[in-house]
Amino acid sequence: MQSGYDVLMLEYGYQAARTELRRSEVPTVAEESYESVKPIVGQYEQIVWISKSLGTVIAGSVHEKLGVPVKHIFLTPVPETVPYINKFSGVVVYGTKDPAFGEEQEKQIQAENRMIRIADANHALETDDVEKSIEILKQLAKVYEDVLNS
């Protein structure tokens, strides 16, 4: 909002219910997300999606169906996101202690993508050190600002 964007936050049903999303449910969530954004995307000159974890797969899938230009920030993606990252490009942020995504997946990502590795951060982009975790939040805010204002 600080950069002048309208914000639409999609909270998936499993998040509202405070349960875990099973990977088998991702296609259903992606379809529901597509139906949610399809009516409004044409009203905007620029679209930026900030997605996290399994949401990175959903963002890629929805982008593929919409066929409109979208800037992406992929936070702590999962391996299934790699094809979408390569197809649509964007900024990829992951922690070096993230068991879901690491150097093996980074090697599969094309060079035009900006890769940001957060030292010692886990899948939540946090560490055991509160002050270091706050510094990570500041770093993420700078990434958002750079992407949104470019």
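Residues numbered from 1 in each chain as written. Predicted model: local features only at pLDDT ≥ 70, side-chain atom pairs only at ≥ 80, totals over all residues. Heavy atoms only, no water.

Undergrad: Could you give an account of unusual backbone geometry, naming the residues involved and the relevant values?
TA: As a rule of thumb, non-glycine residues mostly have phi less than zero, and peptide bonds are mostly trans rather than cis. The phi angle at Asp120 is positive, at roughly 65 degrees, despite the residue not being glycine. Relative to the helices and strands, Asp120 resides in the loop between strand E4 (114-118) and helix H6 (130-148). Taking the relative accessible area as the measure of exposure, Asp120 reaches 35% and is therefore partly exposed. We note that Leu125 has phi near 60 degrees; this positive angle belongs to a residue other than glycine. (Helix = DSSP H or I, 4+ residues; strand = E, 2+ residues; numbered from the N terminus. Buried < 20%, exposed > 50% of the residue type's maximum accessible area, 1.4 Å probe, protein only.)

Undergrad: Account for the packing of aromatic side chains, with residues named and values stated.
TA: In the structure shown here, the tally under the stated rule is one aromatic pair. Here the guanidinium or amino end of Lys65 rests over the ring plane of Tyr34, the centre of that ring lying 5.3 Å away. (Phe/Tyr/Trp six-rings, centres within 6.5 Å; stacked < 30°, edge-to-face > 60°. Lys NZ or Arg CZ within 6 Å of the ring centre and 35° of its normal.)

Undergrad: An account of a nonpolar patch on the surface is requested, with residue identities and associated values reported.
TA: A cluster of nonpolar side chains, Met1, Val7 and Met9, forms an exposed patch at the surface whose accessible area comes to about 420 Å². Looking at the element boundaries, Met9 is found in the segment before helix H1 (13-16). (Patch = residues over 30% accessible without salt bridge, like charges linked within 9 Å, V, L, I, M, F, W, Y side chains within 5 Å. Areas by Shrake-Rupley, 256 points an atom, 1.4 Å probe, with all protein chains shown as cover. Salt bridge = Lys/Arg side-chain N within 4 Å of Asp/Glu carboxyl O.)

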